[in-house]
Amino acid sequence: MVWLNMPKKDLPKSYNPADYEDEIYAQWEKSGFFNPDNLTGEPYSIMMPPPNVTGVLHLGHALENSLMDITARYQRMNGKKVLLAPGTDHAAVATQAKVEKLLVAEGMKNPRQELGREKLLEKIREYAEASKATILSQIKKMGTSCDWSRLAYTFDEPRNKAVNEVFIRMYNDGLVYRGHRVVNWSVKGQSTSSDDELIYMERPAKLWTFKYSKDFPLAIASTRPETKLGDTAVAVNPKDKRYKKYIGQIFTADVGAAKPLRLKVIADPAVDMNFGTGAIGVTPAHSAVDFLMYEKQKAQGQPIDLIQVISQDGKMTAAAGQDYAGLTAEQAREKFVAWLKENDLLVKEEDITQSVGTSDRFGDVVEALPMTQWFVDVNKKIPARGASLKEMIKQAIVKGHHNDAKQKIDITPERFEKVVLNWLDNLHDWCISRQIWWGHRIPVYYRRQEISNISGFARSGRARQYPISNEMQNANADANAEEILVSAEKPEGGGWEQDPDTLDTWFSSGMWTFSTLGGPEKSPLPPPVKGGKSDLKTFHPSNWMQMGYEIIFLWMVRMILMSTYALDQIPFKDVYIHGMLRDQSGKKFSKSSGNNIDPLEVIKQYGSDALRFSLVSGISPGNDSRFYAEKVEGARNLVNKLWNVARYIITNFSGYARSGEARQFSILNFQLNAEKLTLADKWILDKLEKLISGVTDDLDNFRFSQAGEKLRVFTWDDLADWYLEISKFEQGKNEILYFILESLLKLWHPFMPFVTEAIWRELGKEKLLMAEKWADITPPTPLYKGGSEQFELIKDVVAAIRNARSVYKIEPNQKIKAVICSGKRVKLIEEQSELIKKLRTGIEELEIENTGEKVEQAIYLTVSGVEIYLAVPGFDFKAEADRLAREIKVQTERIKSLSARLANKEFTSKAPANIVKAEKDKLDLYKSELGKLKEQRSSLK
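Conventions we followed
Residue numbers here run from 1 along each chain, matching the order of that chain's written sequence. Totals for whole chains, interfaces and linings use every residue, but because this is a predicted model, local features are given only for residues with pLDDT of at least 70 and side-chain atom pairs only at 80 or more, for both listing and counting. As a rule here, side-chain values cover all heavy atoms of the structure and leave hydrogens and water aside. Pairing between two strands requires that DSSP report at least two bridges joining them. Runs of H or I in DSSP of at least four residues are treated as helices and runs of E of at least two as strands, each being numbered from the N terminus. For every residue, the predictor reports its confidence as pLDDT, a number between 0 and 100. It only takes one pair of heavy atoms within 4.5 Å for two residues to be counted as in contact. Convention adopted: a line fitted to C-alpha atoms gives each axis, helices being fitted over their contacting stretch, and angles between N-to-C directions are expressed from 0 to 180 degrees. An angle below 35 degrees is treated as roughly parallel, one above 145 as roughly antiparallel, one from 65 to 115 as roughly perpendicular, and anything else as oblique. Handedness of a helix crossing follows the sense of rotation of the near helix relative to the far helix, less than a right angle counterclockwise being left-handed and clockwise being right-handed. Exposure classes here rest on a 1.4 Å probe applied to the protein chains alone. A residue is buried below 20% of its type maximum, exposed above 50%, and partly exposed in between. Gly is placed with the polar residues, together with every amino acid not listed as nonpolar (Ala, Val, Leu, Ile, Met, Phe, Trp, Tyr, Cys and Pro) or charged (Asp, Glu, Lys and Arg). Within this document, salt bridges are pairs made up of a side-chain nitrogen of Lys or Arg and a carboxyl oxygen of Asp or Glu, the two lying within 4 Å of each other.

**With respect to the sheet that holds strand E6 (residues 176–186)**
- Strands sit in the order E7-E6-E15-E17 across an open sheet of 4 strands; the sheet is antiparallel. Here the strands that pair on one side only, and so sit at the sheet edges, are strand E7 (191–193) and strand E17 (430–431).

Printed below as a string of structure tokens:
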């Protein structure tokens, strides 16, 4: 190894991200290392959760990009053939709702009616493409190391083929069906919503208890009395002795509907005997729960009627009666309650808090309406698999797909496994058809005599009007002699029309892990690509996936469903669930709250590395975390600290190189010389080994925040505050400093890729840091062992002396005398005496004794059994002791007074909980301060 007396290089005193980031990212792209085809090793794949093309990236996306890129860069440096596949999501309902809202703001009253399908789709496509371009540029600004040659979009042609292929397969297997069921309907959006897309909100409401007629034997309670115009049964618990005699009886009640209600009393164990009167009105057309009762009764050969009294426009139908037809639901409610009062049928009226399901995209309270829609049957057994879709999802999470442990999905944190399994127990068939135009159109064609009547519905403005019963549907279908063909291509011949509906966006997103890789395939084996292997075979299942807890049911479960069905594989091996980012006060970030933060503005001010580190700092899987400016400022300071550590080493120490490789610093031949290693050298190398081991273990187990904190402590505390200080007066640190710097840059690179790559370049490296091997420290023999614990004692001694100078306000330039009684450690203290004096302790004279008598008129300290006496010329010990005694007395009285207040039960029982807590916290603080005052006074000898 040849050491070079190279000219010292001047580096800027602070790191300016704008001078480096764009240039470095372009260099990374040009290198080809983002593309796994240019790498060797074991395949490792991450499919980027595709951001919606509804605008720009927000902080949540920035967090996800940080997590993904940390993992991708770490695995790449560990020799893996890493694919981080980028993409975007067409976000069907969300994008159409956004564009329609913009068009309405521009003065268009009804965009769908005024533009028609093709022109509206053109508007949406223009918006989506512009948004997509912005999003992709933002991903690059984050430093995300994606393979851009494999960029995917959920609405491009390859993904459309995948969607059609899976839909047709499911249809042929009897898993996709068209059925007439109660679904969630957004009146505002004029489209269905699945159960998982609903956002439940609490609001004040009324609960009315009433009878259908004076001679009706049961009273019921409802928050939606207007729907009672369509009741066809009354349900009671079969164990309820009050109503047992009525079960099976049919009563007639005239409530002003189109015809008198025919109400059958039915038994259902799901009825809560303690809620309301213990009897509930059954409205099969306007309640998913009641519709299940309707189906159960039909299956038992004891059918009840289904009467639809609310239409798709949110107004009452003719079936509700001539007094109600055409009224809004709210108007009908008011009128029906008035009728109950007039007829002395209202038992009582109560104020309650009600939880209602709202459309996640349109914001209105959804109506439960009976409609003919397309569904995925999650409970039907698939003959070739011997299990239903629901069972396959459970199996993949609990034991592994096909009970194969290698095909088991591990969820971090583990508690979400139970959450998902509980949710699956109540999973119903998935409604996948949407009455919007932006999205994958359902690959079904109809040919019929009258185009206006397709499977029992008629076109009417924006929405389709569906029949109110299966009987009507079947009669209508027979009359039209309808043909149905499920096909990706339009059939030959005339008269064929494609289903106007589109698929739920999660239907296509559920295929993301394999549709991005060319799957599924019709043939048993995927077609060959580069090297004779397909991306699907090489990179599926994905190794790692991450997402927020708010979409585990919408997306994670759907991906498991799609992958286990279409490929007979799990979609990913590990899934990491992160929490939601909130502001400093705990509020969710949103435009309406006025606390929204643009990640690009943060990058512009602080740099990408600072943003990335601030986002992952302090997070834990599955839990919300807080984000605020001070956090980014702290991260920016850390970035500059790393820069300045490197600057100090580069400008103050010679580089080294192997013969003939000027400016190529290398540690390949780094050897430790035991005779030259000081105690500090052994300590820092031991710290470095533990750091590499700890960070590696953290990243292997997705403990991002813990890994970052270990790096911060080592960089700022161990290296900068201690070892670099020591290097100013201990000689021969060149090899170790460059070894530490190179190792540290590798460890920091996944978190802070830009600044580490910039420093790496300043070291004269030709090979990119992102392509280097992960840090390692494996010397032939552990020559540096044994020094760590001894040096920690020296650190503690120095820190105690520095702290005493600060506490007693001893001027920095004032020299003091110290007497250290170190017992069995006397030899160690003697050997390191010069180090103790030079590490900013201000000690001019140092006496070291095995044991000794107490030194009078000195500040007394004790550290791990070592006694320290500090003699400070001119220091008035008596005055200081008197002052501390007075403060101790005042503090003792404060504690006494506050303790008495908290012991007063009248105060603690009546005061607000936050006030009581604040007082208790104050008492804890007073006690802590008193302890410090006493300790400080006792130190004066």
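On we go.
**Some thoughts on the confidence of the model for the protein**
- Across the protein, the average pLDDT comes to 88, with 90% of residues at 70 or higher.
- Taken together, the stretch residues 1–7 has pLDDT below 50 and engages in 23 contacts with residues farther than four places along the chain or on a different chain.

**Some words on the packing of helix H18 (residues 679–700) against helix H20 (residues 734–748)**
- Two numbers describe how H18 lies on H20: the axes approach to 11 Å, and their chain directions differ by 15°. Relative to H20, the element H18 lies roughly parallel. In terms of crossing hand, the pair formed by H18 and H20 is left-handed. Facing Asp681, Ile684, Leu685, Leu688, Leu691, Ile692 and Val695 of H18, the residues of H20 in contact are Ile736, Phe739, Ile740, Ser743, Leu744 and Leu747.

**Regarding the pairing of strand E10 (residues 233–236)**
- Residues Ala233 and Ala235 line one face of E10 and the alternating positions Val234 and Val236 line the opposite face, and both faces are buried.
- Where E10 and strand E12 (residues 261–267) come together, 4 bridges link them in parallel fashion. The partner of alanine 235 across the bridge, within E12, is isoleucine 266.
- As paired elements, E10 and strand E13 (residues 279–282) share 4 bridges and run antiparallel to each other. Counted as the bridge partner of alanine 233 is valine 282 from E13.

**Observations concerning the environment of threonine 353**
- In this structure, threonine 353 sits in strand E14 (residues 346–359).
- The exposed category is assigned to threonine 353, whose relative accessible area is 57%.
- As a C-alpha pair, threonine 353 and glutamate 202 span 151 residues in sequence and 6.4 Å in three-dimensional space.
- Those residues in contact with threonine 353 that lie beyond four places of it in its chain are Glu202 and Arg203.

**Examining the sheet that holds E10**
- Here 4 strands make up an open sheet; going across it, the order is E11-E12-E10-E13 and the pairing mixed. Of all strands in the sheet, those with a lone pairing partner are strand E11 (250–253) and E13, marking the two edges. Pairs of neighbouring strands in the sheet enclose a mean axial angle of 30°, with direction left out of account.
- Helix H6 (residues 288–299) contacts E10, E12 and E13 of the sheet and is inclined by roughly 80° relative to E13.

**Brief notes about the packing of helix H3 (residues 92–105) against helix H4 (residues 111–141)**
- Contact pair H3 / H4: the axes reach a minimum separation of 10 Å and the direction vectors enclose 115°. Note on packing geometry: the crossing formed by H3 with H4 is right-handed. On H4, the residues that touch Thr95, Gln96, Lys98, Val99, Glu100, Leu102, Leu103 and Val104 of H3 are Pro111, Arg112, Leu115, Leu120, Lys123, Ile124 and Tyr127.
- The residue inventory of the contact of H3 with H4, partitioned by class, reads 9 nonpolar, 2 polar and 4 charged.

**Re the pattern of salt bridges**
- Scanning the entire structure with this criterion turns up 53 salt bridges.
- In this structure, the salt-bridge partner of arginine 73 is aspartate 69, at a minimum N-O distance of 2.6 Å. Taken together, the residues arginine 73 and aspartate 69, both in helix H2 (residues 59–77) and 4 residues apart, mark about one turn of the helix.
- The buried category is assigned to arginine 73, whose relative accessible area is 1%.
- The class of aspartate 69 is buried, set by a relative accessible area of 0%.
- Put simply, lysine 228 and aspartate 231 hold a salt bridge, and the shortest N to O gap is 3.2 Å.

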